[in-house]
Structures are given as C-alpha cells and as structure tokens.
Amino acid sequence: MITNAVTHKVLDLLPERDAATLAPWLAGHPQIEVIARDRASAYAEAADRAAPQARQVADRSHLWANLVRAVERVVTDHRACLRVPESEPEPEPQWENPLPAEAGNADDAQPVNPAGRVAERRRANHALAHGLLNSGMSQRAVAKHLGWSRNTVRRYAEAEKWQDMMKGPQAPRTVKLDPYKPYMLRRWEETSGKISGTALLGEITARGYRGGYTQLATWKQRELLPDGPPPPRPPTVREATDWLTRHPDGLTAEEALRRKTILVHCPELDTTAHLVTTFAEILTLLDGHRLPEWITEARASGLPGISTFANGLNSDYAAVHAGLTTHWNSGHVEGAVNRIKMLKRQMYGRASFPLLRKRVLLAS
C-alpha cells in the first residue's frame, strides 16, 4: 500500500511486497521527493533504482521495533541472569595482600583489599539491598522480594560499607535453646517431621527451657526446614525485555524493583538498558546527530543482538539519520492498513485483488 504522507490518502495498492513490483510504480511518479518506509531491503532497493531523486526516511516506529527484537535476543542469550542468585551461604572470601599475623594483633591484621567472586557478589548484594531499603521498602519486604532470610537482609542493612561484609566468621553465640537442640532433633526424627513448633516448645519448656517461641521457630526454619519458602519466580524473557524497553514511568513499583535487581546482577543487561535509554532519547528528541556515537558504542558492547542492530543502522545510515532528524514517518499507514483489513473481512476472502484495490481507492 502506498499513501500520501501529507494528506494520508491511499494512492495505490500493489499486489506484492517486493522491489520488482514497487520500482515501476515509483518510476511512473518522478515528482516524489520523500519516501518514508520501513526497514525492508526490498523498499530501499526499489527506491534507489527507480526514485534516486527522493530522500528515503526510515520510519521511527519500525526502528524501535527492530531495537526491541535486538534487546530480546540479548535477554535470551543472558536469561541465566534472570534468576537472581541468593547471597547465602557463601564460601569464605579471598583477600589480596593480607597483613601477616605477626605484624600486629588480630584486630590490626585486618586485610584491606577484598577481591574474588565472593567479594564481587557481596558488593553487588550490598548495593542492591541498600537500594531497595532506600526506596522505602522494609527489611521484611526486601527479604521476601529477593528470597533472602531476614537475618541476611539485616546484616547487609547494618553494614555501612560492603567491605564490612567481608569480615571473618564470628564465633557462634550460645543461646538458651542450645541444650535442647539434640532433644528436638530426636523428637523431629521420631515423628517424621510431623511435630509442631508449639508442641516442641511445650516439651522443652517442661524440661527447663525459659526462652520464647521466636528463637525456636527461627532454628526450626533454618535447621529442620532448610529449603524454606520457594524463591520468587524469575521473570520470563518477554517480561525482562518489556522492562528494558518501556519508559520507566510506565513501570509499576514492583517491576521497577525487579528490573533494578536484574541489572545489578548482569552487567550485559545493564549495558543493554543504557543503550536502549540513549537510543530512546535520540528517537524522541530527533537528535540524530548522536547516531554515529551510539552506533560505535553499540558495536563495542559485544552484545550480538545490539551489534547486529547497529550494523543494520549503519548500512542504511542515510535513511535512518533522516528518520531521526525529520518529522516524516509512515505512522498514518497503520490506520489505512486497519481499514483494508476491515474491507477484506467484509469480502470474506472470496473476491480477487483487483476488487479489493478498487474498493480501497474509491474509499480514499
């Protein structure tokens, strides 16, 4: 379908979507000055061959649709990042250049440069936990959102710097419940795990326990029910792609938090989000002079989907630059397409193309 970009009227309806069909029509209309089109190579080829005088403009909505598909490929390649790992339990960290033990007492021998996978994970988890807490979430809500224990969230919340999380293990504290743990383990095995916490509390209280139920419940959850509640369902590729390509104001608070969680744990998706935001600014502000810089950055990202998209922009640079610097677009075509679909449904597919073309042109 060919429309007038000024009046939005349908000029003609062609039987095929290829260069061989479009080129003769363009050649018969040498007065055409601007051709707003999608990214199909057939249209570019026909315009180059039959309308060299016309300026080609890549439609912005199609550019964005192409970028969304590129982002979806990146998310698919890194879908393992969508399942955010839990921070506990963790192996003991490794340190760079620790001070020798004989250089001073134990407190003075604190290492200064934490490094390694554990250090990086704790740094990311510290930033994530404090980001959620600073946004107004309670420690309980953060624990539920991330699938962490409340004790883990509390430790991160109390750590002013992430390096504070790298201290060596503390000696276990003695609690009132300790003398009764062997008894409770035996009773748990005897009842095949069917004894309730309240019943256990009553039995150990009769044997001298003077503590409360909270301590018992916490120990039971950690030791007798190690799996705990199931972790939150990770987002699908489509959901994550949607979070990366929608305007932040259009996200709910939950979606924004989950998006932030993913970006903290996946540098590749964080880079993708940055590139999407930058391209959205170029597209909405018609700031096409920044396009070369964006293409260079996208190519250097090493992300196959984004790199392929950037290469496509470069190969069709003149039309893309025009689409990002002028007001021309083919958005009005979508309305005409919907009207044609309505006519086709009225005809129930029994009429031929010539009749459909005549009805479309007469309606215009």
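Structure: see above.
Here goes a summary of the coordinates provided. This one's a predicted model, so the numbers in the text were calculated from it and none came from an experiment.

## Overview of helix 7 (residues 181–190)
- Those residues of helix 7 that sit buried are Tyr-183, Met-184, Arg-187 and Trp-188. Looking straight down helix 7, one finds its buried side chains confined to an arc of 135 degrees; they lie on one side. Counted as exposed and oriented over 90 degrees from the buried face of helix 7: Pro-182 and Glu-189.
- Along its buried surface, helix 7 packs onto helix 8 (197–206) and helix 9 (213–224).
- One or two steps after helix 7, the chain reaches Ser-192, where phi turns positive at roughly 55 degrees.

## Here's the deal with the pattern of salt bridges
- Taken as a whole and assessed by the stated rule, the structure comprises 14 salt bridges.
- Here Arg-187 ties to Glu-190 by a salt bridge, and the two come within 3.1 Å at their closest N and O atoms. Linking Arg-187 with Glu-190, this pair stays in helix 7, spanning 3 residues, or about one helical turn.
- For Arg-187, a relative accessible area of 18% puts it in the buried group.
- Here Asp-242 makes a salt bridge to Arg-246, at a shortest N to O gap of 2.6 Å.
- Residue classification places Asp-242 among the partly exposed residues on the basis of a relative accessible area of 29%.
- Take Arg-246: its relative accessible area is 28%, and that puts it in the partly exposed class.
- A cluster of three or more residues bridged by salt bridges with shared partners is formed by Arg-186, Arg-187, Glu-190 and Glu-203.

## Here we look at the side chain of Arg-60
- Its place among the elements puts Arg-60 in helix 3 (residues 60–77).
- Despite its burial, Arg-60 pairs with no opposite charge, the nearest such side chain being Asp-59 at 6.5 Å.
- Those residues in contact with Arg-60, other than ones at most four positions away along the chain, are Leu-283, Leu-286, Gly-323, Leu-324, Thr-326, His-327, Trp-328 and Asn-329.

## What about the nonpolar core?
- Counting 35 residues, the largest nonpolar core has Leu-67, Leu-269, Phe-279, Trp-294, Ile-306, Leu-313 and Leu-324 as the members making the most contacts within it.
- Counting only elements with at least two residues in this core, the list comes to helix 3, helix 10 (237–245), helix 11 (253–265), helix 12 (267–284), helix 13 (291–300), helix 14 (304–315) and helix 15 (317–323).
- Once residues lying within four places of it in the same chain are set aside, the contact partners of Leu-313 are Arg-39, Leu-63, Phe-279, Leu-291, Trp-294, Ile-295 and Val-320.
- In terms of nonpolar packing, the next biggest core, distinct from the first, is built from 15 residues, Leu-22, Ala-23, Ala-50 and Ala-51 among them.

## Observations regarding the packing of helix 8 against helix 9
- Between helix 8 and helix 9, whose axes approach to 10 Å, the crossing angle comes to 120 degrees. Classified by the angle their axes make, helix 8 and helix 9 are oblique. Viewed along their axes, helix 8 and helix 9 form a crossing whose handedness is right-handed. Facing helix 8, whose interface residues are Gly-197, Thr-198, Leu-200, Leu-201 and Ile-204, helix 9 presents Tyr-213, Leu-216 and Lys-220.
- Residues that form the contact of helix 8 with helix 9 fall into these classes: 5 nonpolar, 2 polar and 1 charged.

## Some points on the packing of aromatic side chains
- All told, the structure shown has 5 aromatic pairs when counted by the stated rule.
- With a centroid separation of 5.0 Å and an interplanar angle of 55 degrees, the aromatic rings of Phe-279 and Trp-294 are classed as tilted. With a gap of 15 residues between them, Phe-279 in helix 12 and Trp-294 in helix 13 connect regions that are remote in the sequence.
- Ring centres of Phe-279 and Phe-309 lie 5.6 Å apart, and the angle between their planes is 75 degrees; on these two criteria the pair is classed as edge-to-face. In this pair, Phe-279 sits in helix 12 while Phe-309 sits in helix 14, placing the two residues 30 residues apart along the sequence.
- With relative accessibility at 0%, the residue Phe-279 sits in the buried group.
- You can call Phe-309 buried: its relative accessible area is 7%.
- What links up through ring pairs into an aromatic cluster is the set Phe-279, Trp-294 and Phe-309.

Here is what the cut-offs are and how they apply
Every chain is numbered independently, its residues counted from 1 as its sequence is written. With the structure being a predicted model, the display of local features is reserved for residues of pLDDT at least 70 and the display and counting of side-chain atom pairs for 80 or more, all residues being used for whole-chain, interface and lining totals. Side-chain descriptors were evaluated using all non-hydrogen atoms of the structure, hydrogens and water having been removed beforehand. In this scheme, a residue with accessible area under 20% of its type's maximum is buried, one over 50% is exposed, and one in between is partly exposed, where area comes from a 1.4 Å probe on protein chains only. Only DSSP runs of H or I with at least four residues qualify as helices, and only runs of E with at least two residues qualify as strands; both kinds are numbered from the N terminus onward. What the arc measures is the spread of directions leading from the helix axis to the C-beta atoms. Any pair of residues with heavy atoms lying within 4.5 Å of one another is described as a contacting pair. One speaks of a salt bridge when a side-chain nitrogen belonging to Lys or Arg is within 4 Å of a carboxyl oxygen belonging to Asp or Glu. Counted as positive: Lys and Arg. Counted as negative: Asp and Glu, with His and the chain ends omitted from the count. Among buried residues, the Ala, Val, Leu, Ile, Met, Phe, Trp, Tyr and Cys ones that are joined through side-chain atoms within 4.5 Å form a nonpolar core. In this analysis an axis means a line fitted to C-alpha atoms, helices contributing only their contacting stretch, and an angle means the value between N-to-C directions, from 0 to 180 degrees. Angular relationships are summarised with four words: roughly parallel below 35 degrees, roughly antiparallel beyond 145, roughly perpendicular across 65 to 115, and oblique for the angles in between. By convention, the crossing between two helices is left-handed when the near helix turns anticlockwise from the far helix through less than a right angle, and right-handed when the turn is clockwise. Gly counts as polar in this scheme, as do all residues outside two lists: the nonpolar Ala, Val, Leu, Ile, Met, Phe, Trp, Tyr, Cys and Pro, and the charged Asp, Glu, Lys and Arg. Two aromatic rings from Phe, Tyr or Trp, using only the six-membered ring of Trp, form a pair when their centres are within 6.5 Å; if the ring planes differ by under 30 degrees the pair is stacked, by over 60 it is edge-to-face, and anything between is tilted.

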